[in-house]
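# Inside the fold
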Amino acid sequence: MEQSNLITYAILIPLLPLAAYFIQSAVGTRLPRMGDWVSTGAIFLSFLLATQIFSAMWGAHDPSWVVAKSWTWVDLGSAGLPVKFDIGVRLDNLSAVMLLMVTLCATLIHLFSTGYMRDHHGHPADGYRYASFFSYLSLFTAAMLGLVISDNLLTLFMCWEVMGLCSYLLIGFYRHKHSAANASIKAFMTTRVGDTGLFLGMLALFALIGSFQFEEIYKALQDGIFTDPKNSLLGFSAAAMIGFLIFCGTVGKSAQFPLQVWLPDAMEGPTPVSALIHAATMVAAGVYLIIRVFPILDVGNVLPIVAGIGGFTALFAAILAIKQNDIKKVLAYSTLSQLGYMVLALGVGNFTASFFHLITHAVFKACLFMCSGSVIYAMHHEQDMRHMGGLAKKIPFTFWSMFIATLAIAGAPFFSGFLSKDMILASVLGYGQHHGGLSWLLVVSGFVTAGLTAFYMFRLVFMTFFGHPHDHHHYDEAHEGGWNMWFPLVTLAGLSLWVVYTGHVNPFQAQGWFTQLIQPPKLPILAESVKEYAEFEHHGHVPAMIASLVVATLGIFFSWLVFGAKKIPAAKLAGIWPNFVHKAIDNLYFFDWFYIKVAIQKGLMPFAKFWTIVDDKVVDRGMVDGLGDVANVAKGTINLIDDVVVDRTFVDGFGGGIPSALGSSLKVLQNGQVQRYLSVAVVALMLLFFFLRGVLF
Amino acid sequence: MLAGLSTNLGLYLGLSAVFFAFGVLTVLTRKNAVGLFMGVELMLNGAALNFVAFQTFRPGTHDSWLHGHVFSLFIIILAAIEAAVALAIVLRVFAARRTIDPDRATELRG
């Protein structure tokens, strides 16, 4: 394949959904079916183009395959300023795999939405907003795809922010609901905190090397600019600072501790949006970013922080997931937890496993979310699992897809999640063995999370699909959606099988095309550490596999005991924990309380109030009113003159006849309508130009 | 084709004029204050495009001054500030009278 063709395809991939966004926004409501086929078709074409790029990469079969092209966007060199922004497209194995995954998931999610966003008679459930829903979906996907093909942090950051906007629009899609409106603002503001860090990191990076391009960054790393002592600040090397600041962006976008609060609330959006945000796009973008800047993180020794935050998030989100009764909330916390795994994997240096889990998780999580959407649709928008039960027979496609995806996320053999999670756990175990001490906490967190994941995911399956129906009215009416709703589920469930990612028959062998093609950037400066990290995985491999199988089996078994066979009453299981544990979990560890009551009300509000007082007392009273006093004195004098000289003498003298006639006719113009004034001004200006054209031009 | 475009100043000025005219039209006809401000943004950006175009096409561009570009950067920043202030006003107007139709805000009539 011609390289220039690939570049053209890569540019078209985000442009097609972007075009769909504009079409949908402009004329969406007037198109047949409100234009859902425009968005869906555009992303499907992008998917076809992505397969072309993927097959080119597959044909090359080289871990360091790169097709890149860049253009100069801004160059102030001629003005003597060292400011030059190059932007471009970079296709390598990472972006080729990512493009395929994003376009595939997004296509299926669009297709699913054409069913989910309609009511049971096939009418759009939200009237004309059906068209805007698809326009937002298109914009969201376009931004994600633009982010993936970016060869530089600048366009990546722009797409990143567009995604922030779209998440706001989509999470708050049911805007009549107060909770949805709040959730959208929360998501936007919380990610903004992380984005500030990312932006500062980018500024520091540009100040240091004068470029945003990944190639230039890697080259500068190799040249030692990042580690040069004269570029360090307060004892931290430039690489450490920039790496940490960029990681802040990931913490916000991928909802890691301590900025995780927005993601569970994001469940207020329609379910296909949750699937898109939690699987293919938004949260994946954060992990994709740190995978891209992995060399900076490694050179700057930021990886232990990354690992700590990832490991902590994985465990603490998994604990929260156990007590949720809303089917989507369980999945939300499981996303947090799995993202923690990806970040943890990168933190212990396993580049490949982190990206592997990103891809496998995207597929099975998109499947899980759409399955939950299908359940919610079947139950007429009932989301509480306590009202479900026994649905397996009613909606078999959904049940089997969800069952397979659950096995995948629980880490059962024969499914994709087993392979990627096993690689991560092997690395974590090797890391713990090598470093000892506190790093064992990571190991414990990794394995406990694996067990808990199996437990709460099967709790979801048992509560939803098995047992007796709790709401007979909804149960009797429950039925599968049309083909556009079950086809995406079945496809994604099929893609959760192990063989897709390895090409091997052996389900325990993670080594395959994926692990061969996805390798850390080949930089001499990284060579040592990458070799060391590979050792970790190698050492931990066998014990980690056995241990992860054991914990997953235990998790599933306990889940079956409690929620499947009901041998142990769930209340008894809950009773063994002290009260404060329940209180902490029910209040989400008091994070929302802390941010709103303490950080904002006690920290930011007094600050804001202080400036309000300054504004009121100093600026308004002191300056404005002070001037007013001076003016008042002057006014008194002038009034006197006005009264005696002007009014008495001139006005009264000339009489009221002519002025009052003129006044009442001009009064019509002065009607208080700003637009009328402006029209008069514009017309007057045009007439002025017309008559003075000889003089002026 | 693209090379031909980039040598023709008239096209840029035409586009800028079109932006400006659409902006004026929007400001004059919208019955929603937010739409009105969008029109103002269009006008501002039409003007900014003019600056950039003249800077790019003026003879002897290779000296070290970038007045046009810098001016348009100022316009962008001012437009952002204007939008923030304007939206705050719109919010206050809405809070006071539950509508943001500019035709209904006629306290200042003679």
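As the structure is a computational prediction, the values presented were derived from the model and not from experiment. (Residues numbered from 1 in each chain as written. Chains lettered and ligands numbered in written order. Predicted model: local features only at pLDDT ≥ 70, side-chain atom pairs only at ≥ 80, totals over all residues.)

## Thoughts on the overall build of chain B
Helices and strands together make up the secondary structure of chain B, namely four helices and zero strands. Shown N-terminal to C-terminal, the secondary structure of chain B runs as helices and strands in the order α-α-α-α. Residues classed as buried in chain B amount to 15% of the 110 residues present. A separation threshold of at least 6 residues defines the contact pool for chain B, and within that pool the share at least 24 residues apart is 51%. (Helix = DSSP H or I, 4+ residues; strand = E, 2+ residues; numbered from the N terminus. Buried ≥ 20, exposed ≤ 12 C-beta atoms within 10 Å, placed from the backbone. Contact = placed C-beta atoms within 7 Å.)

## Here we look at the overall build of chain A
In terms of regular secondary structure, chain A is built from 29 helices and two strands. For chain A, the C-alpha atoms occupy an extent of roughly 110 × 70 × 55 Å along the three principal directions. Counting only residues that meet the buried cut, chain A has 47% of its 697 residues in that class. Of the contacts formed within chain A by residues at least 6 apart in sequence, a portion of 79% connects residues at least 24 apart.

## Points about helix α7 (residues 214-223) of chain A
Residues and elements named next belong to chain A. Among the residues of α7, those classed as buried are Phe214, Ile217, Ala220 and Leu221. Taken end-on, α7 shows its buried residues confined to a sector of 125°, consistent with a single buried face. Of the surrounding secondary structure, the elements contacted by the buried residues of α7 are β2 (84-92), α6 (178-209), α11 (282-292), α12 (294-299) and α23 (524-564). Looking one or two places after α7, you find Gly224, whose phi comes out positive at around 80°. (Arc of directions from axis to C-beta.)

## With respect to the nonpolar core
One recurring pattern in soluble globular proteins: nonpolar side chains tend to sit buried together. Within the largest apolar cluster, 214 residues are counted, with the highest numbers of intra-cluster contacts made by A:Cys105, A:Ala366 and A:Cys367. It is helix α15 (residues 351-378) of chain A that provides the largest number of residues to this core, a total of 18 residues. In this view, A:Ala366 contacts A:Cys105, A:Leu108, A:Ile109, A:Ala275, A:Ala279, A:Ala280 and A:Leu492; residues no more than four positions away in its chain are not counted. B:Met43, B:Leu44, B:Leu49 and B:Ala53 belong to the second-largest nonpolar core, a separate cluster that totals seven residues. (Core = buried A, V, L, I, M, F, W, Y, C linked by C-beta atoms within 7 Å.)

## Things to note about the packing of helix α17 (residues 416-435) of chain A against helix α18 (residues 439-465) of chain A
Residue and element names in this part refer to chain A. In the contact formed by α17 and α18, the axes pass within 8 Å of each other and the chain directions differ by 155°. Comparing the axis directions of α17 and α18 gives the class roughly antiparallel. The two elements α17 and α18 cross, and the hand of that crossing is left-handed. Along the contact surface, α17 presents Lys421, Leu425, Val428, Leu429, Tyr431, Gly432 and His435, while α18 presents Ser439, Trp440, Leu442, Val443, Gly446, Phe447 and Ala450. Of the residues assigned to the contact of α17 with α18, the class counts are nine nonpolar, four polar and one charged. (Axes fitted to C-alpha atoms, helices over the stretch in contact; angles between N-to-C directions. Parallel < 35°, antiparallel > 145°, perpendicular 65-115°, else oblique. Left-handed = near helix turned anticlockwise from the far one by under 90°. Nonpolar A, V, L, I, M, F, W, Y, C, P; charged D, E, K, R; others polar.)

## With respect to unusual backbone geometry
All names here are of chain A. A cis amide bond links Phe257 to the next residue, Pro258, at an omega of 5°. When you line up the elements, Pro258 lands in the loop between α8 (238-253) and α9 (262-265). With a phi angle near 50°, His61 is a residue other than glycine that sits in the positive phi range. Summarising the element assignment, His61 is placed in the loop between α2 (36-60) and β1 (66-75).

## Points about the confidence of the model for chain B
For chain B, per-residue confidence averages 82 on the pLDDT scale, and 84% of positions sit at 70 or higher. For this predicted complex, the interface confidence reaches an ipTM of 0.77, while the overall pTM sits at 0.82. (pLDDT = per-residue confidence, 0-100.)

## Brief notes about the packing of helix α1 (residues 3-27) of chain A against helix α4 (residues 129-149) of chain A
Residue and element names in this part refer to chain A. Packing of α1 against α4 brings their axes to within 8 Å, and their N-to-C directions diverge by 160°. One finds that α1 runs roughly antiparallel with respect to α4. Considering only the axes of α1 and α4, their crossing is left-handed. Seen from α1, the contacting residues are Ala10, Ile13, Pro14, Pro17, Leu18, Ala20, Tyr21, Gln24 and Ser25; seen from α4, they are Ala131, Phe134, Ser135, Ser138, Leu139, Thr141, Ala142, Leu145, Gly146 and Ile149. Taken together, the residues of the contact of α1 with α4 break down into 13 nonpolar, six polar and no charged.

## Considerations on the environment of A:Ser39
All names here are of chain A. With respect to the secondary-structure elements, Ser39 resides in helix α2. When the C-alpha positions of Ser39 and Phe590 are compared, they lie 41 Å apart, and in sequence the two are 551 residues distant. If near-sequence neighbours (up to four positions away) are discounted, Ser39 is found in contact with Ala20, Gln24, His110, Phe134, Leu137 and Ser138.

## Quick look at helix α25 (residues 579-586) of chain A
The buried fraction of α25(A) is low, at zero of eight residues. Following α25(A) by one or two positions, A:Leu588 has its phi on the positive side, about 55°.

## Overview of the environment of A:Lys602
Looking at the element boundaries, A:Lys602 is found in helix α26 (residues 591-654). Put simply, A:Lys602 and A:Ser254 are 348 residues apart on the chain and 27 Å apart in space, counted from C-alpha to C-alpha.

## Some remarks on the environment of A:Thr141
Within the fold, A:Thr141 resides in helix α4. Apart from residues lying up to four places away in sequence, A:Thr141 is in contact with A:Pro17, A:Ile43, A:Ala106 and A:Thr281.

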